[in-house]
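Given next are the chains, with one letter for each unit.
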Amino acid sequence: MPSARDPRPLTGEPLALDLLNTRWNSDGTPRDLLADTEGLAVWLASNGLAGTHPADTAVLDRLRTAREAIKEAVDGSPERAAPLVDAVLEHGRIRARLTADGPAEEPEFADPAWGPAWLAARNYLDLLTRAPERIRSCAGGGCVLHFFDTSRNGTRRWCSMAACGNRAKASRHYARSKGN
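Residues numbered from 1 in each chain as written. Predicted model: local features only at pLDDT ≥ 70, side-chain atom pairs only at ≥ 80, totals over all residues. Heavy atoms only, no water.

Visitor: Please provide a residue-by-residue account of the packing of aromatic side chains, values included.
Guide: Centre distance and the angle of the planes are the two values used to describe a pair of aromatic rings. Enumeration over the complete set of coordinates arrives at one aromatic pair. Above the face of the Phe147 ring, Arg156 is positioned so that its terminal group lies 4.0 Å from the ring centre. (Phe/Tyr/Trp six-rings, centres within 6.5 Å; stacked < 30°, edge-to-face > 60°. Lys NZ or Arg CZ within 6 Å of the ring centre and 35° of its normal.)

Visitor: I'd like to hear about the pairing of strand β1 (residues 23-26), residue by residue, with values.
Guide: Across four bridges, the pairing between β1 and strand β2 (residues 29-32) is antiparallel. Within β2, the residue paired with Arg23 across the bridge is Asp32. (Pairing = 2+ DSSP bridges. Helix = DSSP H or I, 4+ residues; strand = E, 2+ residues; numbered from the N terminus.)

Visitor: Pulling in residues and values, what's your account of the packing of helix α2 (residues 37-46) against helix α3 (residues 57-75)?
Guide: At their nearest, the axes of α2 and α3 sit 10 Å apart, and the two run at 75 degrees to each other. Relative to α3, α2 is oriented roughly perpendicular. Contacts from Thr37, Leu40 and Trp43 in α2 reach Thr57, Val59, Leu60 and Leu63 in α3. (Axes fitted to C-alpha atoms, helices over the stretch in contact; angles between N-to-C directions. Parallel < 35°, antiparallel > 145°, perpendicular 65-115°, else oblique. Contact = heavy atoms within 4.5 Å.)

Visitor: Quick one: what's the story with the nonpolar core, residue by residue and with numbers?
Guide: Counting residues in each nonpolar core, the largest one holds 43 residues, and the members touching the most others are Leu19, Trp43 and Cys159. Per element, the largest residue contribution to this core is seven residues, and it comes from α3. Contact partners of Leu19, with chain neighbours within four places excluded, come to Leu34, Trp43, Leu63, Ala66, Arg67, Ile70 and Ala120. (Core = buried A, V, L, I, M, F, W, Y, C linked by side-chain atoms within 4.5 Å. Buried < 20%, exposed > 50% of the residue type's maximum accessible area, 1.4 Å probe, protein only.)

Visitor: Tell me about the packing of helix α4 (residues 78-89) against helix α5 (residues 115-130), and please be specific about residues and values.
Guide: In a pair of packed helices, the angle between the axes and the distance between the axes together describe the arrangement. Their axes nearest at 8 Å, the elements α4 and α5 cross at an angle of 130 degrees. Taken together, α4 and α5 sit at an angle that is classed as oblique. Here α4 runs over α5; the crossing is left-handed. For the pair α4 and α5, the contacting residues are Val85, Val88 and Leu89 in the first and Ala117, Trp118, Ala121, Arg122 and Leu125 in the second. Of the residues that constitute the contact of α4 with α5, the class distribution is seven nonpolar, no polar and one charged. (Left-handed = near helix turned anticlockwise from the far one by under 90°. Nonpolar A, V, L, I, M, F, W, Y, C, P; charged D, E, K, R; others polar.)

Dropping the structure here:
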């Protein structure tokens, strides 16, 4: 059975931010891809996790827990977020191995239902290690999306230049023309 098309306006961000972007506004109406297991199946497929993790209620519940922890870390208080993110990370670990291709690291989970949630929390730590200042919230009014700024000079402000960026520019243009 083919999976449904991902309805979100922004996809392809690093796993942690892509998990945050399972909530978005569409014409002023809040939407949540993780409202049910069908949306979970879409998210898993969009992130290459469909074959390794089932789209069931256990995975969904744990993923929602991780989403709230990462949201608190990105938009809230780092002091309150640390124990929440750590609580997700307690459910997995990295196993170092030597393979025929050389050193390898593989995630291991005591409860496989924590897999996607743990991977997202671990990805958040990786983003913090790489460039924490490039984890951004969209500056578009009413937009709740997040992105990892990969622009050369690190000045990206919007989740999408075509959507939020264009609205901001149109709004400024309207304000200037109205003032004349």
